[in-house]
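What follows is each chain in one-letter form.
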There are 2 protein chains.
Amino acid sequence: MGKLLAVGSMAFDAIETPFGKTDKILGGAAPYIGLAASQFDIDIAVVSVVGEDFPEKYLSMLRDRNIDLSAVEIVKGGKTFFWSGKYHNDLNSRDTIETQLNVLGDFTPVVPEHYKDADVVMLGNLHPNTQLSVIEQMEKKPKLIVLDTMNFWMNNTWDELMTVISRVDVITINDEEARQLTNEYSLVKAAQKIRQMGPEYIVIKKGEHGALLFHEDNVFFAPALPLEEVFDPTGAGDTFAGAFSGYIAATRDVSFHNMKNAVIYGSNLASFCVEKFGTERMQKLSKDEIQKRLLQFKELTQFEIELT
Amino acid sequence: MGKLLAVGSMAFDAIETPFGKTDKILGGAAPYIGLAASQFDIDIAVVSVVGEDFPEKYLSMLRDRNIDLSAVEIVKGGKTFFWSGKYHNDLNSRDTIETQLNVLGDFTPVVPEHYKDADVVMLGNLHPNTQLSVIEQMEKKPKLIVLDTMNFWMNNTWDELMTVISRVDVITINDEEARQLTNEYSLVKAAQKIRQMGPEYIVIKKGEHGALLFHEDNVFFAPALPLEEVFDPTGAGDTFAGAFSGYIAATRDVSFHNMKNAVIYGSNLASFCVEKFGTERMQKLSKDEIQKRLLQFKELTQFEIELT
């Protein structure tokens, strides 16, 4: 069975969208990655940190999905990372209202012994040095290392970010971040420049406009499923990354051909994530629903024209 | 052989993009529609109007592509419609600098006798009454009537626009216009509302983000080809519409299945149009190049996941 190691934040989120407002709910990259990846038949462990205030029910919900949480540190007397944000009316942009790093500020990830030979390593958005530390603890070179990051690290820790980028196989990044990282407006040119930084595969996420996968001279596009209503975009990118890395871990096939399928699964699971607040939809998602939606993705994209 | 009747403006355009600036060049919906549609094996006629200042070389260029121009009125002493515009740096938006309607202000379209039984009628962006007049001159109900329009007519001739919309089978419209027409942000909901206005098929063009085709509960998505450089977006929408209607006229198959192919050809030809200023690229486009790009569209979108 394929083995996935994921590192990422665990958090309380307080979210406001045009459709409503939440109190502190489960957030952070790791729960989204874990919930998505655990839809595939793999062994999965999460490396993260929480405070003593983190509810046991969240941990047991993740454990019930066979996610190994032995490397989630619980800091005595510590407080869990907190983020609150408010989305604009079009849901394409948001303002961060508050960020409290709390225990995440001193996070030193420790990779469990039995995951030092993981097939796939998913580095969720964190300080580049934290991500690098996970890579360096691996005893066996993973088949695939996937990195997610954001503009904050480009602005504040450029050199560290360049170091970790040079060590990974795949980067997932959104369109604005790809432009910022490369000073190129064209995503085709941006992907070319990012490839020179290290990753052989570049996934550029465009939110409601889908995602592009670049490799050498090849490009593949996975649309977002057109939805009547997007309720809360929080976690869609992490869900995408979790499904992507979970699918690769399950298939242990890192060819471009198979990675196309991985981005389709990424887009598939992300389309569920945005239907409810936070992780709510992902907690109730069934394999059967995913398969039905896969059929919708086929109908959305597949055509038959004879080449003359 | 399938027969296509297209009505649309013929114009002088003066275009400024971040990459350069043109003098008055050939523009208007009809040349783009005609150049795109004439790539298919069909009979095609254009209904339009120009002034005495319109260069014969433009007309002969179109005639050389077997486009019947017998219904292009040349108004003695009249001046051709003129538009000038400047694109913003991201090429996604533009400002109109000047519009001189000139002979287009009094345009009364006359459908040629031998095109009153056309299979497909493509109504390029014009006053809704002008578009309606073309429909009413048809002696045989066409297999398909396709309408293009824009926000200007929504703002100024709402009732006339609703009348012509109720008479067509397909509408092609961009995302912002679909939202304005329906007051719905979600394009899925917007398409549902537009369907209630008349058209069974709704094509929503999203520029660099591709195009959606809606019919009943079905939706199909044609991506835009990711390009290193977009040089000038002028005419991309008309080129899309021309290829769409040309392909339907050539195949005379108005099923949803075949319309998927039509939007892929629309996206295919539009991807060439933006590579040069104005109609320049479309004038030199070969069938072989289109077939090669079709292969790129397949590689961009086709995947193989077994449904379990």
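Residues numbered from 1 in each chain as written. Chains lettered and ligands numbered in written order. Predicted model: local features only at pLDDT ≥ 70, side-chain atom pairs only at ≥ 80, totals over all residues. Heavy atoms only, no water.

Visitor: Help me get a handle on the packing of helix H3 (residues 128–137) of chain B against helix H5 (residues 158–165) of chain B, residues and values and all.
Guide: All names here are of chain B. Contact geometry for H3 and H5: axes closest at 8 Å, N-to-C directions at 30°. Judged on the interaxial angle alone, H5 and H3 are roughly parallel. Crossing angle aside, the handedness with which H3 passes H5 is left-handed. Residues Pro128, Asn129, Gln131, Leu132 and Ile135 of H3 pack against Glu160, Leu161, Thr163 and Val164 of H5. Considered class by class, the residues forming the contact of H3 with H5 number five nonpolar, three polar and one charged. (Axes fitted to C-alpha atoms, helices over the stretch in contact; angles between N-to-C directions. Helix = DSSP H or I, 4+ residues; strand = E, 2+ residues; numbered from the N terminus. Parallel < 35°, antiparallel > 145°, perpendicular 65-115°, else oblique. Left-handed = near helix turned anticlockwise from the far one by under 90°. Contact = heavy atoms within 4.5 Å. Nonpolar A, V, L, I, M, F, W, Y, C, P; charged D, E, K, R; others polar.)

Visitor: Summarise unusual backbone geometry; cite the residues concerned and give the values.
Guide: What you tend to see is this: most non-glycine residues have negative phi, and most peptide bonds are trans. Residue and element names in this part refer to chain A. A positive phi angle is found at asparagine 183, which is not glycine, with a value near 60°. When you line up the elements, asparagine 183 lands in the loop between helix H6 (175–182) and helix H7 (187–197). With a relative accessible area of 72%, asparagine 183 lands in the exposed category. (Buried < 20%, exposed > 50% of the residue type's maximum accessible area, 1.4 Å probe, protein only.)

Visitor: Before we move on, could you go through helix H6 (residues 175–182) of chain B and cite the residues and values that matter?
Guide: Residues and elements named next belong to chain B. Within H6, six of the eight residues are buried, which leaves it mostly tucked inside the rest of the structure. For H6, the set of buried residues is Asp175, Glu177, Ala178, Arg179, Leu181 and Thr182. Backbone nitrogen of glutamate 176 and a side-chain oxygen of the N-cap are separated by 3.0 Å at the start of H6; the cap is asparagine 174. Directly beyond the C-terminal end of H6, a positive phi value near 60° is found at asparagine 183. (Polar contact = N/O pair within 3.5 Å; in protein donor to acceptor, adjacent residues only side chain to side chain.)

Visitor: If you had to explain the packing of aromatic side chains to someone new, which residues and values would you point to?
Guide: Counted under the stated rule, the structure contains 19 aromatic pairs over all chains. Measuring from centroid to centroid gives 5.6 Å for phenylalanine 221 of chain A and phenylalanine 221 of chain B, while their planes differ by 25°, and the two rings are stacked. Taken together, the positions of phenylalanine 221 of chain A in strand E14 (residues 218–222) and phenylalanine 221 of chain B in strand E14 (residues 218–222) put the pair across two chains. Here phenylalanine 221 of chain B falls in the buried class, since its relative accessible area comes to 5%. An angle of 40° between the planes, with centres 5.9 Å apart, marks the rings of phenylalanine 12 of chain B and phenylalanine 54 of chain B as tilted. With a gap of 42 residues between them, phenylalanine 12 of chain B in strand E2 (residues 11–17) and phenylalanine 54 of chain B in the loop between strand E5 (43–51) and helix H2 (56–63) connect regions that are remote in the sequence. Since its relative accessible area comes to 7%, phenylalanine 12 of chain B is described here as buried. On the basis of relative accessible area, phenylalanine 54 of chain B is assigned to the buried category, the value being 6%. Grouped by ring-pair contacts, the aromatic residues Phe12, Phe54 and Tyr58 of chain A constitute a single cluster. (Phe/Tyr/Trp six-rings, centres within 6.5 Å; stacked < 30°, edge-to-face > 60°.)

Visitor: Quick rundown of the sheet that holds strand E9 (residues 120–123) of chain B? Include the residues and the values.
Guide: Residue and element names in this part refer to chain B. Strand order across the open sheet formed by nine strands is E6-E5-E1-E9-E10-E11-E12-E13-E14, with mixed pairing between neighbours. Every interior strand has two partners, whereas the edge strands, strand E6 (67–75) and E14, have only one. Shown here is a sheet whose adjacent strand axes are inclined to one another by a mean of 15°, direction ignored. (Pairing = 2+ DSSP bridges.)

Visitor: Account for the pairing of E5 of chain B, with residues named and values stated.
Guide: Residue and element names in this part refer to chain B. With respect to burial, E5 is a largely interior element, eight of its nine residues being buried. Both strand E1 (residues 3–7) and E5 contribute to a ladder of five bridges, which runs parallel. Residue pairing across strands places valine 7 opposite valine 47, the latter belonging to E5. Traced from E5 through H2 to E6, the parallel crossover comes out right-handed. (Right-handed = clockwise from strand over helix to strand, strands pointing away.)

Visitor: Please provide a residue-by-residue account of helix H1 (residues 29–37) of chain A, values included.
Guide: Among the nine residues of H1 of chain A, nine are classified as buried, and the element is accordingly described as predominantly covered. Within H1 of chain A, burial applies to Ala29, Ala30, Pro31, Tyr32, Ile33, Gly34, Leu35, Ala36 and Ala37 of chain A.

Visitor: Describe the pairing of strand E9 (residues 120–123) of chain A, with residues and values.
Guide: If a strand is regular, its side chains alternate between the two faces of the sheet. Residue and element names in this part refer to chain A. Of the two faces of E9, both are covered, the one formed by Val120 and Met122 as well as the one formed by Val121 and Leu123. Here strand E1 (residues 3–7) pairs with E9 via four bridges, running parallel. The partner of alanine 6 across the bridge, within E9, is methionine 122. Strand direction decides the pairing type here: E9 and strand E10 (residues 144–148), joined by four bridges, are parallel. Its bridge partner being in E10, leucine 123 is matched across the sheet by leucine 147.

Such coordinate-based values are descriptive only and should not be taken to indicate function.
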